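Structural description and commentary
Listed here are the chains, written in short residue letters.
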Amino acid sequence: MPWFKREKKSIDQATPPEERRVRTEGLWVKCESCRGIVFRKDLEENLHVCPKCQFHFKMGAKKRLEMLLDSRWIEHDAGMTSTDPLKFVDTKAYAARLKDARKKLGMNDAIITAEGKLNGRPVVCCAMEFAFIGGSMGAVVGEKATRAIELAIETRQPLIIVSCSGGARMMEGTISLMQLAKVSAALARLDEARLPYISILTDPTTGGVTASFAMLGDLNIAEPGALIGFAGPRVIEQTIRQKLPEGFQRSEFLLEHGFLDAVVHRKELKSYVSTALELLMD
């Protein structure tokens, strides 16, 4: 009799199929433009730009601030939350949408306002989060943006706002529409104080955000391929009953027709803004 005994798993004890498979879910991303498959880690290291076709993926607000600002920055008004004034309900209660978005993203609304340095120069910077109810602008977004402008005036620092939004938040009705005028009036005071405001428009920037602070910069910069406009192209086509030109409302089209000052690749954005601030401030 052998001194060892080989033990084999019975059929009932076999490893489940889900454990035998290589778990690759989330490791790869399909590009929305070229349909190529990109390794997620490579995409993140490339600032969420497809290395094959240079398509610019959407980027979270925190990642935006990390990309633009130096290592340390201070967040302001992080605790501000919407009160759901209309008790709005459509397919889902607005209060439930807010709760889910807060839990998923770890932030209280669709904008982060921060104070930090960009290549050593003190700035006030806001970044919008599209994943938070489409980056829509309600009372909290309007108030935080206004406070950021007031902080820039008080501290004599330039202002940068990175827009990524579907427009005004319909769940807050007229209250959300009031923010257009409030933020625009605050920007007028910033202009009177002779402080520069650089607006960075990303994909998408539409609706009430485009109709207010996104297009009021001393310098309006967009990322390549970004959708920018008030009403969407499908709505416009249905209204005027005409076929729109190729690339209509994309950043390159807007630059060609004088609505933007520059279209800048994400990798070059920080250095471009830094150079612009040197010219505007000095």
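Here's a quick rundown of the structure. (Residues numbered from 1 in each chain as written. Predicted model: local features only at pLDDT ≥ 70, side-chain atom pairs only at ≥ 80, totals over all residues. Heavy atoms only, no water.)

1. Regarding the layout of surface pockets
Looking at the largest pocket, its volume works out to about 280 Å³. Phe-55, His-56, Asp-203, Gly-225 and Arg-250 are, among the 15 residues lining the largest pocket, the residues nearest its centre. Here the lining of the largest pocket is built from residues that sort into four nonpolar, four polar and seven charged. The computed volume of the second largest pocket comes to approximately 190 Å³. Looking at the second largest pocket, the residues that line it are Gly-60, Ala-61, Lys-62, Lys-63, Lys-104, Leu-105, Met-107, Glu-129 and Ala-131. Elements with a minimum of two residues in the lining of the second largest pocket: helix H3 (61–68) and helix H4 (94–105). Ranked by residues supplied to the lining of the second largest pocket, first place goes to H3 with three residues. Class assignment of the residues belonging to the lining of the second largest pocket gives a composition of four nonpolar, one polar and four charged. (1 Å grid on protein atoms, 1.4 Å probe; cavity = no way out; pocket = protein on both sides within 12 Å on 5 of 7 lines; lining within 4 Å. Points joined across faces, edges and corners; volume = space filled by probe spheres on them. Nonpolar A, V, L, I, M, F, W, Y, C, P; charged D, E, K, R; others polar. Helix = DSSP H or I, 4+ residues; strand = E, 2+ residues; numbered from the N terminus.)

2. Some words on a nonpolar patch on the surface
On the surface, Leu-27, Trp-28 and Ile-37 cluster together into a nonpolar patch covering about 300 Å² of accessible area. Examined against the element boundaries, Ile-37 turns out to sit in strand S2 (residues 37–39). In this structure Ile-37 comes out as partly exposed when scored by relative accessible area, which is 43%. (Patch = residues over 30% accessible without salt bridge, like charges linked within 9 Å, V, L, I, M, F, W, Y side chains within 5 Å. Areas by Shrake-Rupley, 256 points an atom, 1.4 Å probe, with all protein chains shown as cover. Salt bridge = Lys/Arg side-chain N within 4 Å of Asp/Glu carboxyl O. Buried < 20%, exposed > 50% of the residue type's maximum accessible area, 1.4 Å probe, protein only.)

3. Things to note about the state of the cysteines
Throughout the structure, instances matching the rule amount to zero disulfides. Not engaged in a disulfide, the cysteine Cys-34 finds its nearest cysteine sulfur in Cys-31; these two sulfurs lie 3.7 Å apart. A relative accessible area of 33% means that Cys-34 is categorised as partly exposed. Of all cysteine sulfurs, the one in Cys-125 lies closest to Cys-164, which takes part in no disulfide; the gap is 14 Å. (Disulfide = S-S within 2.5 Å.)

4. Quick look at the sheet that holds strand S8 (residues 219–222)
One open sheet accounts for seven strands, arranged S3-S4-S5-S6-S7-S8-S9; its pairing is mixed. Every other strand in the sheet has two partners, leaving strand S3 (73–76) and strand S9 (262–263) as the edge strands with one partner each. As paired strands, strand S6 (residues 159–165) and strand S7 (residues 197–205) are joined by six bridges and run parallel to one another. Bridged to Ile-160 within S7 is Ile-198. Each of S3, strand S4 (111–118), strand S5 (121–128), S6 and S7 touches H3; the most contacted strand, S5, lies at about 160 degrees to it. (Pairing = 2+ DSSP bridges. Contact = heavy atoms within 4.5 Å. Axes fitted to C-alpha atoms, helices over the stretch in contact; angles between N-to-C directions.)

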